[in-house]
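# Structure at a glance
One-letter residues, chain by chain:
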Amino acid sequence: MTANGLLGEIADIGRDARHGGYSRHAYDSAESTLREWFIEQAGRRGLDVETDRNGNIWAWWGHPGSGAVVTGSHLDSVPGGGAFDGPLGVTSALAAVDLLHTKGFTPAKPLALLVFAEEEGGRFGVPCLGSRLLTGAIDADRARALRDAAGITLAEAAAKAGQDPERFGADPEALARIGCFVELHVEQGRGLIDLDSPVATGSSIIAHGRYRFSFAGQGNHAGATRLIDRQDPMLPAAAVIAAARRIAAVTDDARATVGKLIPTPGGTNVIASTVDLWLDARVAGNGRTAALVEDIAGAAREAAAAEGCTVTVTEESYSDDVVFDDALRTRMDGVLGGVPSLPTGAGHDAGILAAHVPSGMLYVRNPTGISHAPEELAEPADVDFGAQSLAQVLEDLAR
Ligand code: GLV
Ligand code: MN
Ligand code: MN
């Protein structure tokens, strides 16, 4: 089946009627349905499916073994995300297997499709959790204890979905099987629109991290409390939002975003007692993200003190700059007859794997240039072209 046909099969799963687009979060019912759908699709193609210690699903064409050519992506989304971020890589991998079957190709090396668990961190806060656990980039105890908005731990959610969270943790045997990893992904900016190309390889990912700012003040009455008597944590929170933009704007290659803010208790006529907000910060160049966050944290401390509030800043995740394997990129470029190569500000499981095995990305043009939003798009012709490109790359790598 084509990748367009496969995307059509899952188009109704996890639609978000409130936010628009899709909300498919790790181990929720939508993502679990997609995981079952993938397992069923892999079975139809005669692939042998296994779920590893960390909830990542592998589908093998040929015997699992070292030197495998591995491709895949994820099935979870951000809240209110698009249809392509994640599923395009998974459906293109399945479609590529179909294209290679049709050609009568038999891989000389083991070939596997890989679906990572919780790439976006949309439920448990830490992005690329499946690949971080697999590679040991996150401590298993810390991962097990991560909580979603309802207070459910990752361990509880994974157990409910049939995983054994006690087995979470670095999996050197699974990792050692990967000879190289290629992730096909919808492009998340305007790169390929401007270059007028349907596909590109990935060159690099800029360093990125997530930081929780927790402000505490004094909950109180919105009408009865004089302004001079207030300790309102919403004020330093607002100052941080403005400071993040102001400081990032004068820092080369920097992005800073506050996309999530939770006041407690959250009443219109209630001065909040606490406010938590999450800063997503990304600056090219190792060490520069921490420096940017320190400047923003300084603004937070100053604004908190001025309002009689306190603030604590906690790093929830961090990834250094990634430069994708040059030999793999050059090889894909040769197979595809010369395509552009793009740096990105978006994080990917391929970026986590890149510290351990030769890894690369194939991007497919996004005509809206919008991602992590319902307007994210890939035209059907480009989806087909992407899957064909992936098939060509896999054929070359696994021959
Ligand atoms: C994942 O898509 C990220 O870059 O946050
Ligand atoms: Mn994403
Ligand atoms: Mn993604």
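One structure accompanies this document, and this report is about it. None of the values given here were measured: they were computed from a predicted structure. (Residues numbered from 1 in each chain as written. Chains lettered and ligands numbered in written order. Predicted model: local features only at pLDDT ≥ 70, side-chain atom pairs only at ≥ 80, totals over all residues. Heavy atoms only, no water.)

### Topic: the packing of helix α2 (residues 29-44) against helix α3 (residues 87-103)
Threshold: Helix axes use the C-alpha atoms of the stretch in contact, all axes being lines fitted to C-alpha atoms, and the angles between their N-to-C directions lie in the range 0 to 180 degrees. In this text, helices come from DSSP runs of H or I with a minimum length of four residues, and strands from runs of E with a minimum of two, each type numbered from the N-terminal end. Working definition: roughly parallel below 35 degrees, roughly antiparallel above 145 degrees, roughly perpendicular at 65 to 115 degrees, and oblique for all remaining angles. We call two residues contacting when some pair of their heavy atoms lies within 4.5 Å. In this classification, the charged set is Asp, Glu, Lys and Arg, the nonpolar set is Ala, Val, Leu, Ile, Met, Phe, Trp, Tyr, Cys and Pro, and all remaining amino acids, among them Gly, are polar.
It is the contact of α2 with α3, at a shortest axis distance of 11 Å, that shows an interaxial angle of 10°. Relative to α3, α2 is oriented roughly parallel. Taking contact as the criterion, the partners of W37, F38, Q41 and A42 in α2 are, on α3, V90, T91 and L94. When its residues are assigned to classes, the contact of α2 with α3 shows 5 nonpolar, 2 polar and no charged.

### Some words on the site of ligand 1
Short version of the rule: Proximity criterion: a residue is near a molecule or strand once any of its heavy atoms comes within 4 Å of it. Here a polar contact is recorded for every N or O atom pair within 3.5 Å, except that within protein the pair must consist of a potential hydrogen donor and a potential acceptor, and residues adjacent in sequence are included only if both atoms are side-chain atoms. To be clear on the numbers: accessible area is Shrake-Rupley with a 1.4 Å probe, and residue cover counts the displayed protein chains and nothing else.
Around ligand 1 sit E120, R210, R282, A346, G347 and H372, and that is every residue in its neighbourhood. Between E120 and ligand 1, the recorded distance is 3.2 Å, taken from a side-chain N or O atom to an oxygen atom. Interatomic distance of 3.1 Å between a side-chain N/O atom of H372 and an oxygen atom of ligand 1. Coverage of ligand 1 by the protein chains reaches 94% of its 190 Å² of free accessible surface. Looking at side-chain class alone, the shell around ligand 1 contains 1 nonpolar, 2 polar and 3 charged residues.

### Focus on the packing of aromatic side chains
Going by this rule: Only the six-membered ring of Trp is used, alongside the rings of Phe and Tyr, when aromatic pairs are assigned; centres must lie within 6.5 Å, and planes under 30 degrees apart are stacked while those over 60 apart are edge-to-face, with the rest tilted. Three exposure classes are used, based on accessible area relative to the maximum for each residue type with a 1.4 Å probe and protein chains only: buried under 20%, partly exposed in between, and exposed over 50%. By the criterion adopted, a ring carries a charge over it if an Arg CZ or a Lys NZ lies within 6 Å of its centre and within 35 degrees of its normal.
Enumeration according to the criterion identifies 4 aromatic pairs in this entry. Between the aromatic rings of W58 and W60, the centroid separation amounts to 5.7 Å while the plane-to-plane angle is 5°, which identifies the pairing as stacked. The burial state of W58 is the same as that of W60; both residues are buried. For the pair W61 and F105, a centre-to-centre distance of 6.4 Å together with 90° between the ring planes defines the contact as edge-to-face. With a gap of 44 residues between them, W61 in strand β2 (residues 57-61) and F105 in the loop between α3 and β4 (111-116) connect regions that are remote in the sequence. Over the ring of W58 we find R177; its NZ or CZ atom is 4.4 Å from the centre of that ring.

### Considerations on the coordination of the manganese ion (ligand 3)
For clarity, the threshold we go by: Each metal site is built from N, O and S donor atoms within 2.8 Å (3.2 Å for Na, K and Ca), and since water is not included, such sites may look incomplete.
Around the manganese ion (ligand 3), the protein supplies H74 (NE2), D85 (OD) and H185 (NE2) as donor atoms, at distances of 2.0 to 2.2 Å. Ordering the donors of the manganese ion (ligand 3) by residue number gives the pattern H-x10-D-x99-H. Distance-wise, the manganese ion (ligand 2) is placed 3.6 Å from the manganese ion (ligand 3), both being coordinated by D85. Residue H74 is located in strand β3 (residues 68-74), and its partner H185 is located in strand β5 (residues 178-186); the two are separated by 111 residues in the primary sequence. For the residue pair H74 and H185, the accessibility class agrees, reading buried in each case.

### What about the coordination of the manganese ion (ligand 2)?
A four-donor tetrahedral metal ideally has 109.5 degree angles, and a six-donor octahedral metal ideally has angles of 90 or 180 degrees. On the protein side, the manganese ion (ligand 2) has D85 (OD), E120 (OE), E120 (OE) and H372 (NE2) as donor atoms, found 2.0 to 2.7 Å from it. All donors of the manganese ion (ligand 2) belong to a single chain; written as a sequence motif, their spacing is D-x34-E-x251-H.

### Things to note about helix α10 (residues 288-306)
For the record, the criterion: Here the expected length of a helix is defined as 1.5 Å per residue gap, with one fewer gap than residues.
When the terminal C-alpha atoms of α10 are compared, their 28 Å separation across 19 residues agrees well with the 27 Å that a helix rising 1.5 Å per residue should span. Tucked into the core, α10 has its buried residues touching β7 (208-216), α9 (234-249), β9 (254-264), β11 (274-283) and β12 (310-319). Of the residues flanking the end of α10, it is G308, one or two places downstream, whose phi is positive at about 70°.

### Some details on the sheet that holds β11
The criterion, for reference: Pairing between strands is defined by DSSP: at least two bridges between the two strands are required.
Across the sheet, 4 strands lie side by side as β9-β11-β7-β12; this open sheet has antiparallel pairing. Looking at which strands have only one partner, the edges of the open sheet turn out to be β9 and β12. Sheet twist, expressed as the mean angle between neighbouring strand axes with direction ignored, is 15°. Note: β7 against β12, 9 bridges, orientation antiparallel. By the bridge assignment for β12, F213 is matched with V313. Packed onto the sheet, α9 meets β7, β9 and β11 and runs at close to 170° relative to β9.

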